[in-house]
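Structural characterization, general
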Amino acid sequence: MEFFASIKLAMFLFIALAMTATIGTVIQQGERPETYVQEYGEEAYRWFLRLGFIDVYHTWWFTSLLGLLCVNSLTCFHKRFPSVWRSMRQDKVSVSLAFIQGMKQQTTLSLTQTREAVAEHLVKLFGEKGYRVLTKSDPGEVTVYATKGIMGRVGAHVAHLSATVIVLGGLVGSYYGFQEFGVCLEGQTYHIPRGNFDLRVDKFWIDYHENGSVKSYNSTLTVIDQGTPTATKTITVNDPLVYKGIWFYQSSYGDAWDQIEAARINIKEKNSDKIVATVDLEWNKEKTVEGLPLKMKMTDFVADFAFNSTEKKVFSKTAEHANPAIRLTVDERSAVQSTPWVFYHYPDLFEIKDSAYQFEFIGYQPKKFTGLQIARNPGINMVWIGCTMLVVGMTLSSLIYHRRLWAKIVSGASGVTVHFGGTTHKSQIDFQKEFKKLTEKIQSQN
Amino acid sequence: MMRSLFLFDMTFWLYLAALALYVAYLFAKRPAMQLAPAGHPTDSIEDRDGAWATQLGQVATLVTVFGWVLNTLALTTRAFERMEHSGTFAPWSNQFEAMAYVSWAIILGYVLLEFRYRIKAVGAFVVGIGFIAMGAASLLPYRYQTAEPLVPALNSYWIYIHVSVTLTSYAAFAMAGGLGLMYLFKERAVNRGSQSRFYAAFPDLETIDELGYKAIMLGFPLLAFGIILGAMWANYAWGGYWSWDPKETWSLIVWLIYGAYIHARMTRGWEGHKAAIYAIFGFLMVVFCFWGVNFLLSGLHAYA
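Here the structure is a predicted model, which means the values were calculated and not measured.

Each helix and strand in chain A was counted, giving 10 helices and 21 strands. By the compact-globule yardstick of 22 Å for 446 residues, chain A is too spread out, its C-alpha radius of gyration being 39 Å. Sorting the 446 residues of chain A into buried and exposed places 30% on the buried side. Put simply, 60% of the contacts in chain A that link residues at least 6 apart link residues at least 24 apart.

Next up on the list: the overall build of chain B. Scanning chain B for helices and strands turns up nine helices and zero strands. Beginning at the N terminus, the succession of helices and strands in chain B can be written as α-α-α-α-α-α-α-α-α. Across the 304 residues of chain B, 54% fall into the buried class. Restricting the contact set of chain B to residue pairs at least 6 apart, pairs at least 24 apart contribute 83%.

The interface of chain A with chain B comprises 40 residues on the first partner and 36 residues on the second. Listing elements by their share of the side of chain A that touches chain B, those giving two or more residues are α2 (7-26), β7 (214-225), β10 (246-269), β19 (357-376), α9 (380-399) and α10 (428-444) of chain A. Per-element accounting of the side of chain A that touches chain B gives the leading share, 11 residues, to α2(A). Looking at the side of chain A that touches chain B, its residues break down into 23 nonpolar, 16 polar and one charged.

For the rest of this paragraph, the subject is the domain arrangement of chain A. By domain assignment, chain A separates into domain 1 (2-86), domain 2 (91-149 + 402-444), domain 3 (176-255 + 370-391) and domain 4 (257-366). The centre of domain 2 of chain A, based on its C-alpha atoms, is set 63 Å off from the matching centre of domain 3 of chain A.

Attention now goes to the confidence of the model for chain B. Residue and element names in this part refer to chain B. Summary statistics for chain B give a mean pLDDT of 85 and a share of 89% for residues scoring 70 or more. No element of chain B has a lower mean pLDDT than helix α5 (residues 142-145), which averages 80, and none a higher one than helix α8 (residues 246-264), which averages 93. Confidence drops under a pLDDT of 50 for residues 41-46, and excluding neighbours within four residues, the segment shows 11 contacts in the predicted structure. Here the predicted complex scores 0.85 on pTM and 0.88 on ipTM.

This part takes up the nonpolar core. Ranked by size, the top nonpolar core spans 132 residues in total, and within it I106(B) and L179(B) carry the most contacts. The element contributing the most residues to this core is helix α7 (residues 205-237) of chain B, with 19 residues. When residues of this core are assigned to domains, at least three fall in each of domain 1 (2-86) and domain 3 (176-255 + 370-391) of chain A. Membership of the second largest hydrophobic core comes to 39 residues, among which are F204(A), W247(A), I265(A) and L372(A).

Another aspect to go through is the sheet that holds strand β8 (residues 228-235) of chain A. Residue and element names in this part refer to chain A. The sheet built from four strands is open, its strands ordered β5-β6-β7-β8 with antiparallel pairing. Taken across any chain shown, the strands that pair with only one partner, and hence form the sheet edges, are β5 (189-192) and β8. Between one strand and the next, the sheet's axes are offset by a mean angle of 25°, whatever the strand orientation. Of the pairings in the sheet, the one linking β7 to β8 comprises seven bridges and is antiparallel in character. Opposite I224, over in β8, you have P229 as the bridge partner.

With the exception of glycine, the majority of residues adopt a negative phi angle, and the majority of peptide bonds are in the trans configuration. Residues and elements named next belong to chain A. At Q226, a residue that is not glycine, the phi angle is positive and equals roughly 55°. The residue Q226 is located in the loop between β7 and β8 in this model. We note that K244 has phi near 50°; this positive angle belongs to a residue other than glycine. Within the element layout of this structure, K244 appears in the loop between β9 (241-243) and β10. Its 14 C-beta neighbours within 10 Å are what place K244 among the partly exposed residues.

Bringing the pairing of strand β6 (residues 197-208) of chain A into the picture now. Residues and elements named next belong to chain A. Pairing between β5 and β6: four bridges, direction antiparallel. Note that in β6 the partner of T189 across the bridge is R200. Judged from the 10 bridges that link them, β6 and β7 form a sheet pairing that is antiparallel. Its bridge partner being in β7, D198 is matched across the sheet by I224. Between β6 and β7, which follow one another and run antiparallel, lie five residues, and G212 among them has a positive phi close to 95°.

Attention now moves to the sheet that holds strand β2 (residues 132-138) of chain A. All names here are of chain A. Pairing in this open sheet of five strands is antiparallel, and the strands run β1-β21-β20-β3-β2 from one edge to the other. In this open sheet, the two strands that pair with only one neighbour each are β1 (105-111) and β2. Across the sheet, the mean angle separating the axes of adjacent strands is 15° when strand polarity is ignored. Inspection of the sheet shows β2 paired to strand β3 (residues 141-148) by seven bridges, in the antiparallel sense. Directly across from L134, in β3, lies its bridge partner Y145.

What follows concerns the packing of helix α4 (residues 123-139) of chain B against helix α6 (residues 158-192) of chain B. All names here are of chain B. The N-to-C vectors of α4 and α6 enclose an angle of 140°; their axes lie 8 Å apart at closest approach. Taken together, the axes of α4 and α6 lie oblique to each other. When you trace α4 past α6, the crossing you get is right-handed. On the side of α4, the interface is formed by F125, V126, G128 and I129, while α6 contributes A174, M175, G177, G178, L179, L181 and M182.

Let us look at the packing of α7(B) against helix α9 (residues 272-296) of chain B. Residues and elements named next belong to chain B. Interaxial distance between α7 and α9 falls to 10 Å at its minimum, and their mutual angle equals 40°. Classed by the angle they form, the pair α7 and α9 counts as oblique. Handedness of the α7/α9 crossing: left-handed. Contacts between α7 and α9 involve L205, D209, G212, Y213 and I216 on the former and, on the latter, G272, A275, A276 and A279. Class assignment for the residues of the contact of α7 with α9 results in six nonpolar, two polar and one charged.

What follows deals with the environment of I159(B). All names here are of chain B. Summarising the element assignment, I159 is placed in helix α6. For I159, a count of 20 C-beta atoms within 10 Å corresponds to the buried category. With near-sequence residues (within four places) excluded, I159 lies in contact with T88, A90, S93 and L154.

With that settled, the discussion passes to the environment of E43(A). The residue E43(A) is located in helix α4 (residues 42-51) in this model. The exposed category is assigned to E43(A), around which 9 C-beta atoms lie within 10 Å.

Analysis parameters
- Residues numbered from 1 in each chain as written.
- Chains lettered and ligands numbered in written order.
- Predicted model: local features only at pLDDT ≥ 70, side-chain atom pairs only at ≥ 80, totals over all residues.
- Helix = DSSP H or I, 4+ residues; strand = E, 2+ residues; numbered from the N terminus.
- Rg over C-alpha atoms; globule rule 2.2 N^0.38 Å.
- Buried ≥ 20, exposed ≤ 12 C-beta atoms within 10 Å, placed from the backbone.
- Contact = placed C-beta atoms within 7 Å.
- Nonpolar A, V, L, I, M, F, W, Y, C, P; charged D, E, K, R; others polar.
- Domains from an automatic or database assignment.
- pLDDT = per-residue confidence, 0-100.
- Core = buried A, V, L, I, M, F, W, Y, C linked by C-beta atoms within 7 Å.
- Pairing = 2+ DSSP bridges.
- Axes fitted to C-alpha atoms, helices over the stretch in contact; angles between N-to-C directions.
- Parallel < 35°, antiparallel > 145°, perpendicular 65-115°, else oblique.
- Left-handed = near helix turned anticlockwise from the far one by under 90°.

Written out as structure tokens, the structure is:
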């Protein structure tokens with residue numbers, strides 16, 4: 001118990017957390033194995049795995065340090081708060097003379113007035129300075145006790161409690177919340193199973209500053225709940241859409257890798273090697289070429305052409321537009337039917353044998369996707385409550401300091417002797433100044 | 001376009017002059033000053049050298065205050081320039097402006113400290129740090145010094161409060177670091193029984209220690225508040241209040257380091273020498289968090 005409530009443990013935990021947190025800023029977190037092997041070597045990577053260095057903040061030892069910090073602050077609260085609470089309600093007024101004389105700030109004054117008059121003056125003086133004053137009369141002496149700034153102590157304990165509240169909020173968030181990333185195309189509707197509603201992406205666009213730099217990324221989203229549109233909002237990077245506790249953030253954007261808006265095709269006559277027509281095809285829409293016996297349709301697109309020979313399937317190797325290709329469905333005189341892949345970078349790669357024409361893919365308009373971060377965090381309010389407690393507690397504890405004054409007024413031969421002393425747990429120089437001023441005030445009463 | 005740059009430049013030179021004057025003030029002070037009653041180091045001793053030193057000190061203060069006024073003007077002008085060009089007025093929207101703001105806050109803190117506690121010797125250290133901050137800012141390449149429009153992630157009202165609060169806490173830690181350095185200087189002189197006039201104007205060790213502690217007590221909750229405001233911002237912009245981004249993590253590390261300090265102060269033996277060294281170490285960590293992370297580690301804060 002002593003150990004768990006100790007300041008030593010708190011210091012150790014602060015330093016240990018600081019040091020281990022550093023690891024995660026030096027070693028990139030959550031990268032692919034190749035990245036680590038390449039940068040640090042295979043042996044080092046094995047050690048990283050063993051020690052959890054590639055995901056430091058979720059390792060058992062890091063979370064236990066956090067857990068211990070909670071235990072530490074809670075036991076400290078449990079052990080020390082009751083005495084703070086008691087001294088808020090009832091204070092130790094009567095103290096021994098030795099107690100006063102043992103204080104860092106203490107002095108002895110001789111005054112010529114009566115005990116009662118001095119006591120009355122002190123009560124008034126301390127009261128004016130915002131102290132809470134209590135007096136106790138014993139035979140032959142009066143003790144005046146004054147206290148101020150207990151909230152500084154309460155603040156520290158509030159801050160201690162906040163650690164646990166924040167960590168619990170974080171836990172609730174990571175167990176009951178989720179965070180996903182969605183790549184959404186304009187005009188499409190997506191089902192959000194976690195919220196049991198649909199989301200339609202109406203539009204995505206970018207605004208620019210005069211000098212050409214990006215001003216904002218915008219997506220207009222419509223929530224469709226039970227089949228009816230219920231909310232529409234244009235989200236930007238700093239302005240998410242919130243619906244039923246689920247947050248939609250504008251996170252990224254890019255060109256889709258499996259679809260385009262439109263493609264431009266040059267049609268060349270094989271015999272004359274001349275371009276006889278240029279057509280713009282829209283996605284998945286058949287077009288009859290004017291003046292030529294051709295019907296064309298674009299059915300597929302890949303941004304980075306690759307072929308899986310075992311499955312006999314075409315796929316996009318990456319999301320980059322490194323080797324764009326489209327697949328056409330061509331109907332020539334209703335006699336020759338073909339579905340050729342045509343390549344943006346390699347116009348002469350394939351040829352349709354029976355066709356009189358050659359098709360060249362000369363340009364396209366990419367379809368933009370908007371990258372949405374979709375998240376729900378039911379622990380977040382708890383985290384904010386904890387944060388508020390932390391800030392309020394810390395501010396109280398650093399701005400206000402608890403101070404206590406005792407004045408024991410004893411009758412002497414001529415007048416009274418005042419034994420005046422005071423303590424504080426911090427801000428010694430300010431308190432020293434204040435104590436001096438008070439002493440002068442008491443003396444001047446003479 | 002950049003009228004503010006001229007004002008920033010002027011501020012830089014004035015801080016340099018102020019620093020030189022404070023150092024000169026220390027050299028002008030006589031050892032006899034040590035006989036002054038504790039707590040009132042500058043009261044009523046007006047011998048010949050003392051008068052000369054007092055005058056130097058007054059000029060130093062005047063130049064500092066003037067420099068600070070220019071710093072304020074520079075930031076205000078920059079705020080207007082930002083209004084015109086980038087749709088925000090926060091004059092702490094890039095590294096250069098942030099540095100200029102930090103030195104503004106450091107000097108303000110110092111001036112308040114001087115007026116409250118009447119100790120000028122601190123100026124040689126703290127104004128020094130303010131000057132270095134301003135100097136480092138003006139060493140940045142020109143393209144970092146202009147008021148370019150903000151990237152979309154930064155374009156939010158959170159920038160007003162998150163950045164200013166965090167930077168103010170850095171300034172408090174800078175102050176504590178300067179005081180820590182001063183403590184070590186003074187301590188060395190005391191231990192050697194040095195009669196050098198240089199240390200005559202230094203307040204006693206206990207006062208330096210206490211002031212350093214106060215600065216950290218101010219910076220500590222401010223940094224917590226700044227980090228939390230950052231978390232709230234991240235919750236609006238990045239889809240989560242905490243993502244262990246290097247800057248985020250480093251600010252937490254700095255906070256933890258000072259957390260250890262605050263708790264250590266409650267135990268015996270952690271005042272004075274150890275605390276001074278710790279305050280300097282903490283300040284170096286702040287510098288790393290502020291500068292090092294931006295240039296050495298990659299992350300979401302890469303723009304600031």
